[in-house]
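# Topology and contacts: notes
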Amino acid sequence: QVMLVESGGGLVQAGGSLRLSCAASGGTFSSLSMGWFRQAPGKEREFVTAISQTSNTYYADSLKGRFTISRDNAKNTLYLQMNSLKPEDTAVYYCAARRGLTTTRPSDYDYWGQGTQVTVSS
């Protein structure tokens, strides 16, 4: 059973930056595809970015250039660097994991963290 714990969320002004972390335990982190998803109030959970076991990265088109995903297999930790934040980035951000191929569909992911709130003020 893989457990995921996100941290690093908070309140930031538009144009600012945040770095989210996701600590994984209970599995072989390097064998997992990892992803970040977000959910704003009244909206469906949406794909943000994902990274494969070999560190190939995938991004939602609207977020390319502002967000960067990375992983540190030695620390069993996933990161999301978010720059030039906008009010529309406000959401709960979730870390997710799955074995096998990296995908962008939330329904493909087997393990989820509890989420961390990111609020961007204008």
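Throughout what follows, the structure given in this document is the object of discussion. (Residues numbered from 1 in each chain as written. Predicted model: local features only at pLDDT ≥ 70, side-chain atom pairs only at ≥ 80, totals over all residues. Heavy atoms only, no water.)

### What about the sheet that holds strand S7 (residues 67-72)?
Formally: In this description, strands pair whenever DSSP reports at least two bridges between them. Under the scheme used here, helices are H or I runs from DSSP no shorter than 4 residues and strands are E runs no shorter than 2 residues, and both carry numbers assigned from the N terminus. Axis definition: a line fitted to C-alpha atoms, limited for helices to the stretch in contact. Angles are taken between N-to-C directions and run from 0 to 180 degrees.
If you trace the four strands from one edge of the open sheet to the other, you get S1-S3-S8-S7, paired in antiparallel fashion. Edge positions in the sheet fall to strand S1 (3-7) and S7, since each of these pairs with one other strand and no more. Along the sheet, successive strands turn relative to each other by an average axial angle of 15°, direction set aside. Inspection of the sheet shows S1 paired to strand S3 (residues 18-25) by five bridges, in the antiparallel sense. Considered in S3, the bridge of Met3 is made with Ser25.

### A look at the environment of Lys86
Stated precisely, the cut-off is as follows: Residue contacts are counted whenever heavy atoms from the two residues lie within 4.5 Å of one another.
Looking at the secondary structure, you find Lys86 in the loop between strand S8 (77-82) and strand S9 (91-99). Linking Lys86 and Ser121, residues 35 residues apart in sequence, is a C-alpha distance of 7.8 Å. Dropping the residues within four chain positions of it, Lys86 is found in contact with Arg66 and Val120.

### Here's the deal with unusual backbone geometry
Note the threshold: Exposure categories follow from relative accessible area, calculated using a 1.4 Å probe and restricted to protein chains: below 20% of the type maximum is buried, above 50% is exposed, and the middle band is partly exposed.
Of note, the phi angle at Ser55 is positive, near 70°, even though the residue is not glycine. Counting through the fold element by element, Ser55 comes out in the loop between strand S5 (46-51) and strand S6 (57-59). Under the relative-accessibility criterion, Ser55 is labelled partly exposed at 40%.

### Thoughts on the side chain of Thr102
Selection criterion: In protein, a polar contact means a hydrogen-donor-capable atom and an acceptor-capable atom, both N or O and within 3.5 Å, with residues adjacent in sequence counting only if both atoms are side-chain atoms; elsewhere, any N or O pair within 3.5 Å suffices.
Structurally, Thr102 can be placed in the loop between S9 and strand S10 (111-112). Among the polar contacts listed, one links the side chain of Thr102 to the side chain of Ser33, at a separation of 2.8 Å. Once residues within four sequence positions are removed from consideration, Thr102 is found in contact with Ser33, Ala50, Ile51, Ser52, Gln53, Tyr58 and Tyr109.

Scope: geometric values only; no functional claims are made or implied.
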